[in-house]
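Reading the structure
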Amino acid sequence: MRAILIPLALAGLCQAAHAGDISSAYTDLDSKKDCVTYAQAGEGDGDWADLACSGYRGYPVLIAYDDARESLFYGFPPGGDMTSVWESFSGFNSSGAKVEWRIETNGDKAVPFAVIHRRTISNGDDENKSTDVLLVAKVGQMDARESCTVGLVQATGNPQANDQARKLADEKARTFACGKDRHTVIGNVPPFGRVDN
């Protein structure tokens, strides 16, 4: 019995070492300082804009703004264009000023695989009330250019929100299939949807 357990234990150690260390890095997101507007509505063409923002070590954050709602793309989009997908809350919303990047380090290679980003969603019935949600998203890589929402965690009134969001990011983001897998919702999160153009 002991002869069987030792190889199993060693295999477990090798697997744990292969997985890499996971840590967090934080970047600022201020649309006035950290972003460049590369497309926007003309006169009489509504209220929309597309912005490219600095992110983490060359991984950009792209913001599509339309009628007081935001859809964000983290990392490298397919063909350099993020307009093929819109993901946002149905209520008016805005993104927080800090982005948490979850990073896996193997040797000298550090790759951001997920982000956790606070979003504030207005309440249509009471303009003085809003709900904060931690959005967990997969980061688009140079070789696999897909980024999408993996999970949504209610942050308002939830002291466990940060831990829950990190657990979601670490367990699901790397293998999540955008457009196929359903995102996870924790708590009472305002309506959120995805539109593939």
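In this report, we go over the structure that sits alongside the text. For every chain, the first residue of its written sequence is number 1, and the numbers climb from 1 along that sequence. Local features in this predicted model are restricted to residues whose pLDDT is 70 or higher, and side-chain atom pairs enter the listing and the counts only when it is 80 or higher, whereas totals over whole chains, interfaces and linings include all residues. Each side-chain value is derived from all of the structure's non-hydrogen atoms; neither hydrogens nor water enter the calculation.

Remarks on the sheet that holds strand β10 (residues 149–154)
Applied cut-off: One bridge is not enough; two strands pair if DSSP finds at least two bridges between them. Labels follow the DSSP assignment, with helices taken as runs of H or I lasting at least four residues and strands as runs of E lasting at least two, numbered in each case from the N terminus. In this analysis an axis means a line fitted to C-alpha atoms, helices contributing only their contacting stretch, and an angle means the value between N-to-C directions, from 0 to 180 degrees. It only takes one pair of heavy atoms within 4.5 Å for two residues to be counted as in contact.
Strand order in the open sheet formed by six strands is β1-β7-β8-β9-β10-β11, and the pairing between neighbours is mixed. Across the chains shown, the open sheet's two edge strands, defined by having one partner strand only, are β1 (21–28) and β11 (184–186). Sheet twist, expressed as the mean angle between neighbouring strand axes with direction ignored, is 20°. Sheet topology note: the strand β7 (residues 93–106)/strand β8 (residues 109–122) ladder contains 11 bridges and is antiparallel. Bridge pairing in β8 places Ser94 opposite Thr120. In the packing of helix α2 (residues 161–172) onto the sheet, contacts are made with β1, β7, β8, β9 (130–138), β10 and β11, and the angle to β10 comes to roughly 165°.

Description of the nonpolar core
Condition: As used here, the term nonpolar core means buried Ala, Val, Leu, Ile, Met, Phe, Trp, Tyr and Cys residues forming a set that is joined through side-chain atoms within 4.5 Å. Whether a residue is buried, partly exposed or exposed follows from its accessible area with a 1.4 Å probe, protein chains only, as a fraction of its type maximum: under 20%, in between, or over 50%, in that order.
Within the largest apolar cluster, 26 residues are counted, with the highest numbers of intra-cluster contacts made by Leu29, Tyr74 and Trp101. For this core, the elements supplying multiple residues, two or more each, are β3 (48–56), β4 (59–66), β5 (69–74), β7, β8 and β9. Those residues in contact with Tyr74 that lie beyond four places of it in its chain are Pro60, Val61, Val99, Val115, His117, Leu135, Ala137, Lys138, Val139, Gly140 and Ser147.

Regarding the packing of aromatic side chains
Under the convention used in this document: Note on aromatic pairs: the rings of Phe, Tyr and Trp (six-membered ring only in Trp) are paired at centre separations within 6.5 Å, and the planes decide the class, stacked below 30 degrees, edge-to-face beyond 60, tilted for the rest. Either the NZ atom of lysine or the CZ atom of arginine qualifies as a charge over a ring when it sits within 6 Å of the ring centre and within 35 degrees of the ring normal.
Counted by the stated rule, this structure contains three aromatic pairs. Ring centres 4.9 Å apart and planes at 70° place the aromatic pair Phe89 and Phe192 in the edge-to-face group. Residue Phe89 is found in strand β6 (residues 85–89), and its partner Phe192 is found in strand β12 (residues 192–196); the two are separated by 103 residues along the sequence. Taken individually, Phe89 and Phe192 each receive the classification buried, so the pair is uniform in this respect. A cation over a ring is seen here: Arg174 above Phe113, with NZ or CZ 4.3 Å from the ring centre.

The values are spatial; any link to function lies outside them.
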